[in-house]
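Analysis of the macromolecular model
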Amino acid sequence: MTARTAVGAVLPMRLRPYLDDDNRAFWTGGESNSLMIHRCNSCQSWFHPPAPICRRCQSTDVGPQKSSGRGTLASYTVNFQQWIPGAEPYIIGWVELLEQPNLRLMTNLVDVEAEDLSLDMPLEVVFEAHPDGDLWYPLFRPVGAAS
Amino acid sequence: MTVIGERSSYISGLGQSAVGRNLGRTEMDLTVEAISTAIADAGLTPADIDGLVTYPAGGNGTAKGGFGGPSANAVQDAIGLRLNFYSGSSDGAAQLQALVNACMAVATGLAKHIVIYRTVTESTAQKASGRRGLAGSVAELEGEQQYMMPFGALSATCWLAPLARYHMDKFGLTREQLGQIAVVSRANAQLTPYALMRGRPMTMDDYLAARMISDPLCLFDCDVPCDASTALVISHVDTAPDCPHVPIQINALGSASWGRPSWYEWEDMATFPGRDPAAQMWSRTDLTIADVDSAHIYDGFSIITTLWLEALGVCGTGEAGAYIEGGHRISRDGELPLNTNGGQLSSGRLHGFGHLHEAALQLRGEAGERQLAKQPEVSVVTNGAGSTVGCALLTRGLLS
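Per chain, residue numbering runs from 1 following the sequence as it is written. For naming, the first written chain is A and the first written ligand is 1, with later ones following in the order written. With pLDDT at 70 or above as the cut-off, local features in this predicted model cover only qualifying residues; side-chain atom pairs require 80 or more to be listed or tallied, and sums for whole chains, interfaces and linings still use all residues.

So, the overall build of chain B
- Under the DSSP-based scheme used, a helix requires at least four consecutive residues in state H or I and a strand at least two consecutive residues in state E, with every element numbered from the N terminus. A tally of regular secondary structure across chain B gives 12 helices and 12 strands.
- Against the 2.2 N^0.38 benchmark of 21 Å for 400 residues, chain B shows a C-alpha radius of gyration of 20 Å, consistent with a compact globule.
- Its C-alpha atoms put chain B at 55 × 50 × 45 Å along the principal axes.
- Here chain B, with 400 residues, has 58% of them falling under the buried criterion.
- Contact between two residues is assigned whenever their backbone-derived C-beta positions fall within 7 Å. Within chain B, contacts between residues at least 6 apart in sequence are counted, and of these 76% link residues at least 24 apart. Only the C-alpha atoms count toward the radius of gyration. The rule for a globule is 2.2 Å times the residue count to the power 0.38. Buried residues are those with 20 or more other C-beta atoms within 10 Å of their own C-beta, exposed residues have 12 or fewer, and partly exposed residues lie in between; C-beta atoms are placed from the backbone.

So, the overall build of chain A
- A count of helices and strands for chain A gives 1 helix and 9 strands.
- Ordered by position from the N terminus, the helices and strands of chain A form the series β-α-β-β-β-β-β-β-β-β.
- Its C-alpha atoms give chain A a radius of gyration of 16 Å, near enough to 15 Å, the size a compact globule of 147 residues would have.
- Here the C-alpha coordinates of chain A stretch approximately 55 × 35 × 25 Å along the principal axes.

Considering the domain arrangement of chain B
All names here are of chain B.
- Segmentation into domains, and thus their bounds, comes from an automatic or database assignment. Along its sequence, chain B is carved into domain 1 (5-129 + 226-242) and domain 2 (155-224 + 248-396).
- For domain 1 versus domain 2, the distance between C-alpha centres works out to 23 Å.
- Counting residues at the interface gives 25 residues for domain 1, matched by 29 residues for domain 2.
- At 5 residues, strand 1 (residues 9-16) tops the list of elements feeding residues into the side of domain 1 that touches domain 2.
- All amino acids are sorted into three groups, where Ala, Val, Leu, Ile, Met, Phe, Trp, Tyr, Cys and Pro are nonpolar, Asp, Glu, Lys and Arg are charged, and the leftover types, Gly among them, are polar. Among the residues forming the side of domain 1 that touches domain 2, the class breakdown is 14 nonpolar, 6 polar and 5 charged.

Points about the packing of helix 6 (residues 175-189) of chain B against helix 9 (residues 302-311) of chain B
Residue and element names in this part refer to chain B.
- Helix axes use the C-alpha atoms of the stretch in contact, all axes being lines fitted to C-alpha atoms, and the angles between their N-to-C directions lie in the range 0 to 180 degrees. Look at helix 6 against helix 9: their axes get within 9 Å of each other, and the N-to-C directions meet at 105°. Judged on the interaxial angle alone, helix 9 and helix 6 are roughly perpendicular. In this structure, helix 6 uses Leu178, Ile181 and Ala182 to contact helix 9, whose residues at the interface are Ser302, Ile303, Thr305 and Thr306.
- Considering only residue class, the contact of helix 6 with helix 9 consists of 4 nonpolar, 3 polar and no charged. What sets the label is the angle itself: under 35 degrees gives roughly parallel, over 145 gives roughly antiparallel, 65 to 115 gives roughly perpendicular, and the rest give oblique.

Section: the nonpolar core
Residues and elements named next belong to chain B.
- Nonpolar cores are identified as sets of buried Ala, Val, Leu, Ile, Met, Phe, Trp, Tyr and Cys residues joined via C-beta atoms within 7 Å. Ranked by internal contacts, the top residues of the largest apolar core, which has 154 residues, are Ile114, Val115, Ile116 and Leu160.
- A domain split of this core shows at least three residues from each of domain 1 (5-129 + 226-242) and domain 2 (155-224 + 248-396).
- Residues in contact with Val115, not counting those within four places in the same chain, are Ile35, Ala38, Ile39, Ile49, Gly51, Leu52, Ala231 and Val233.

Regarding the confidence of the model for chain B
- Summary statistics for chain B give a mean pLDDT of 95 and a share of 98% for residues scoring 70 or more.
- Here the predicted complex carries an ipTM of 0.95, next to a pTM of 0.96. Every residue is assigned a pLDDT by the predictor, reflecting its confidence on a scale from 0 to 100.

Here we look at the sheet that holds strand 2 (residues 36-40) of chain A
- A sheet is described by the order of its strands in space; here 3 strands give the open sequence 3-2-4 (chain A), paired in antiparallel fashion. Edge positions in the open sheet fall to strand 3 (46-47) and strand 4 (62-66) of chain A, since each of these has one partner strand only. Here, a strand pair is defined by DSSP locating no fewer than two bridges between the strands.

Details of the sheet that holds strand 4 (residues 113-121) of chain B
All names here are of chain B.
- Pairing within the open sheet is mixed, and its 9 strands lie in the order 3-2-4-8-1-9-12-11-10. The open sheet has two edge strands with one neighbour each: strand 3 (85-88) and strand 10 (294-296). The sheet shows a mean angle of 25° between the axes of neighbouring strands, direction not considered.
- Sheet analysis places strand 1 next to strand 8 (residues 227-236), joined by 7 bridges and oriented antiparallel. Within the sheet, the bridge partner assigned to Gly15 lies in strand 8 and is Ala231.
- Contacts from helix 4 (residues 122-129) reach strand 4 and strand 8, with the element oriented near 30° to strand 4.

Considerations on the interface of chain B and chain A
- On the side of chain A, 29 residues touch chain B, which itself brings 33 residues to the contact.
- Where the side of chain B that touches chain A is concerned, the elements lending two or more residues are strand 5 (140-141), helix 5 (156-171) and strand 6 (212-215) of chain B.
- The leading source of residues in the side of chain B that touches chain A is helix 5 of chain B, at 8 residues.
- Looking at the side of chain B that touches chain A, its residues break down into 19 nonpolar, 6 polar and 8 charged.
- In terms of strand pairing, strand 1 (residues 16-17) of chain A meets strand 5 of chain B through 2 bridges, oriented parallel. Bridging from a neighbouring strand, Pro17(A) pairs with Leu141(B) of strand 5 of chain B.

As for helix 6 of chain B
Residue and element names in this part refer to chain B.
- Between its first and last C-alpha atoms helix 6 spans 21 Å; for 15 residues at 1.5 Å apiece the expected length is 21 Å, and the two agree.
- Within helix 6, 12 of the 15 residues are buried, which leaves the element mostly enclosed by the surrounding structure.
- All of the buried residues in helix 6 are Gln177, Leu178, Gly179, Gln180, Ile181, Ala182, Val183, Val184, Ser185, Arg186, Asn188 and Ala189.
- Looking at the packing, one finds that the buried side of helix 6 touches helix 5, helix 7 (204-209), helix 9, helix 10 (320-324) and helix 11 (343-346). Expected helix span is computed as 1.5 Å times (number of residues minus one).

A look at the packing of helix 5 of chain B against helix 9 of chain B
Residues and elements named next belong to chain B.
- It is at 9 Å that the axes of helix 5 and helix 9 come closest, and there the two elements cross at 55°. The angle between the axes of helix 5 and helix 9 places the two elements in the oblique class. Considering only the axes of helix 5 and helix 9, their crossing is left-handed. Across the interface between the two elements, Leu160, Leu163 and Ala164 from helix 5 touch Ile303, Ile304 and Leu307 from helix 9.
- The residue inventory of the contact of helix 5 with helix 9, partitioned by class, reads 6 nonpolar, no polar and no charged. Left-handed is the label given to a crossing in which the near helix is rotated counterclockwise from the far helix by less than a right angle, and right-handed is the label when the rotation is clockwise.

Here we look at the environment of Ile304(B)
All names here are of chain B.
- As for its position among the elements, Ile304 is in helix 9.
- Take Ile304: there are 29 C-beta atoms within 10 Å of it, and that puts it in the buried class.
- Not counting chain neighbours up to four residues away, the residues in contact with Ile304 comprise Leu160, Tyr298, Asp299 and Ala385.

Focus: the pairing of strand 11 (residues 378-385) of chain B
All names here are of chain B.
- Taking burial as the measure, the 8 residues of strand 11 include 8 buried ones, the bulk of the element.
- Two strands pair when backbone bridges link them, and strand 11 and strand 12 (residues 388-396) are joined in this way by 8 bridges, in the antiparallel orientation. Its bridge partner being in strand 12, Val381 is matched across the sheet by Ala392.
- With antiparallel pairing between neighbouring strands as the criterion, strand 11 and strand 12 make up a hairpin whose turn holds 2 residues, including Gly386 at a positive phi of roughly 60°.

See the structure below:
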């Protein structure tokens, strides 16, 4: 039996985004356990990253809406190189949200071991607060893997 | 009627500075060496040069990242050039945007002899300040990086490994197949005087035993940072009779961005953004992939090369693994010799310009010990991945 890849759930540090009117809902929605994704009120399409215009119909009647927080695993990598000193191996995932095809986020996968990953597996959001308590990183875990 | 304005341009001069690790030379010193060599190679003097273009915008310093190289303004002032046209940008068709800009300046008549250059001192910079990933000392992220770097995706390795994983799971790409890009490049580098990995051959077993960086990409799937500058002179075809070399014409450019310029939200997980400039390039020429005699395909990471093969139509989507199986087709004596100087994986991360330089050298027939036995007449060059991609088709001699 081969050893299973130990994967750290939490990075020793996460870089911060600069918050502005476009991205604030995305980065602070976790306070109310909400994955806030921009949506067009004219054509109803979702889009990420957030922007002040709909990339499908060019309407500026857009804004953040609470998404299901669920998706599937589009692809992933288990990162070993210590770009961050002291980091254990961690999983970077591309998650396709249920709301719309090709609506994807880059994120980390938690509460799962690398050997248990498979493309298209169902995932759900879980938030990790910044130590300063002013923004929340959306991470994903297998549906039903609540720790 | 489509105007193919890039055919007004040809490559008249080539210059490659010393290539090495921790050379202890400034970015300007390397740049001056490459540019002076290229101008002399074209049979010109600095007084003939009326255009200067670089990638990217330049100016982050020899030991401070080492990525940007000196700006066009700084180089103009150092050499004492009188310019009708100059530019530098990291937006555009990857590193090849410098070539695109030069061709446009030639076609509009803004300039006649344009030097394009790319300078890196990433080896010296990493020695000075460590290998920190792309974030450096940024306090708060903006733009697309804010949606990638907070998750530890601090290198392009992390942005491309998921594409390799996808192709392995969906199309059966194997590590042994992907490894052929690295193994064939290493073999080619044994014939390249400036290659960092000359004298250090590598077997498939060596490749498979290497440590993982971002699974499934291992150390040898990643290019090798170096110090170097590469320069080319792009001239108007009217001057070709005075060129001391066979002119290498720009037959077609690909600069398109039709899909989303995104590392992780490109619409079709099975393809990648190189598909668009490749389609545009082929729409601008009667030549086809079957006419291509050598391929100089971007290899910052081996998976990029693999995806470009599919984007260019060398093989179908998902078929690159089978195409490179065993490495025969892409070796020096194969049907599509690939990265004949060893590429960035084995000669050093010349960052796109090494591919352009090598393509022109092979088309001239001046590649010395590594010159292909069958003289290439048509070569393809590609640069970039993710949100920045471009390609060019070059010919030996001038076509109408």
